[in-house]
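Coordinates in review
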Amino acid sequence: QVQVVESGGGLVQPGESLRLSCAASGNIFRILAMEWYRQVSGKQREFVASITNGDKTTYADSVKGRFTISRDNAKNTAYLQMDTVTPEDTAVYYCNADLIKLITYTRGTYWGQGTQVTVSS
């Protein structure tokens, strides 16, 4: 079994910072990439950022220059550093891991349950 768990969400004021964590655990051979998405109630889930196992990063235009994705391969964990947040960043943030499982060596994408981020004064 594979589990992906996000943490670090909460209430933050505009202009402040927050760091989200995404930890993958279980029957993992190798993580190929990890991604962050976000979703506002009633809207489609949208891409935020991604990082490959070669540390190549990609960002949505809406967060470029403000958010930074990183990962700790030894911990199978990705982070999303959110700086200069605005109310428009309010959403549930989801993480996924594109990985290869042990034993079967099958590839799949596994999602976490999400963590709420609210930006408000």
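See the structure above.
Scope of this entry: the structure provided in the associated data block. This one's a predicted model, so the numbers in the text were calculated from it and none came from an experiment.

Structural notes on the overall build of the protein
A tally of regular secondary structure across the protein gives zero helices and eleven strands. Mapped in sequence order, the helices and strands of the protein form the string β-β-β-β-β-β-β-β-β-β-β. Taking 14 Å as the expected radius of gyration for a compact globule of 121 residues, we find that the protein reaches 14 Å, a close match to that expectation. Reported as C-alpha extents along the three principal axes, the dimensions of the protein are approximately 50 × 25 × 20 Å. In the protein, the proportion of contacts linking residues at least 24 apart, taken out of those at least 6 apart, comes to 55%. Entry remark: accessible area of the protein is about 6600 Å², with carbon and sulfur atoms responsible for 46%. Charge-centre separation for the protein: the mean point of 12 positive side chains lies 7 Å from the mean point of 11 negative side chains.

Describing the pattern of salt bridges
Going through the model one piece at a time under the given rule, you end up with five salt bridges. In this structure, Lys64 and Asp61 form a salt bridge, with 3.1 Å as the shortest nitrogen-oxygen distance. Measuring nitrogen to oxygen at the nearest pair gives 2.8 Å for the salt bridge that ties Asp89 to Arg66. Of this pair, Asp89 sits in the loop between strand E8 (77-82) and strand E9 (91-101) while Arg66 sits in the loop between strand E6 (57-59) and strand E7 (67-72), placing them 23 residues apart in sequence. Like Asp89, the residue Arg66 is buried in the burial classification. One network of salt bridges, with partners in common, ties together Arg38, Glu46, Arg66 and Asp89.

A few points about the environment of Ser41
As for its placement among the helices and strands, Ser41 is situated in the loop between strand E4 (28-39) and strand E5 (46-52). Remark: the alpha-carbon pair of Ser41 and Ala91, spanning 50 residues in sequence, is separated by 7.7 Å.

So, the nonpolar core
Ranked by size, the top nonpolar core spans 30 residues in total, and within it Met34, Trp36, Leu80 and Tyr93 carry the most contacts. Elements represented by at least two residues in this core include exactly strand E1 (2-7), strand E3 (18-26), E4, E5, E7, E8, E9 and strand E11 (115-119). Counting residues per element, this core draws most heavily on E9, which supplies five residues. Leave out the neighbours within four places in its chain, and Tyr93 touches Glu6, Leu20, Trp36, Tyr37, Arg38, Val48, Phe67, Leu80, Met82, Gly114, Thr115 and Val117.

A few points about the side chain of Lys101
Secondary-structure assignment places Lys101 in strand E9. At 12 Å, Asp98 is the nearest oppositely charged side chain to Lys101, a buried residue that forms no salt bridge. Other than its neighbours up to four places away in sequence, Lys101 contacts Val2, Asn27, Phe29, Thr106 and Tyr110.

Points about the environment of Phe47
By secondary structure assignment, the location of Phe47 is in strand E5. The class of Phe47 is partly exposed, set by a relative accessible area of 25%. As for Phe47 and Thr90, which are separated by 43 residues in sequence, their C-alpha atoms are 14 Å apart. Among residues more than four places away in sequence, those in contact with Phe47 are Glu35, Trp36, Tyr37, Thr58, Tyr59 and Ala60.

What counts, and where the lines are drawn
Residues numbered from 1 in each chain as written. Predicted model: local features only at pLDDT ≥ 70, side-chain atom pairs only at ≥ 80, totals over all residues. Heavy atoms only, no water. Helix = DSSP H or I, 4+ residues; strand = E, 2+ residues; numbered from the N terminus. Rg over C-alpha atoms; globule rule 2.2 N^0.38 Å. Contact = heavy atoms within 4.5 Å. Areas by Shrake-Rupley, 256 points an atom, 1.4 Å probe, with all protein chains shown as cover. Lys, Arg positive; Asp, Glu negative; His and termini not counted. Charge placed at Lys NZ, Arg CZ, Asp CG, Glu CD. Salt bridge = Lys/Arg side-chain N within 4 Å of Asp/Glu carboxyl O. Buried < 20%, exposed > 50% of the residue type's maximum accessible area, 1.4 Å probe, protein only. Core = buried A, V, L, I, M, F, W, Y, C linked by side-chain atoms within 4.5 Å.

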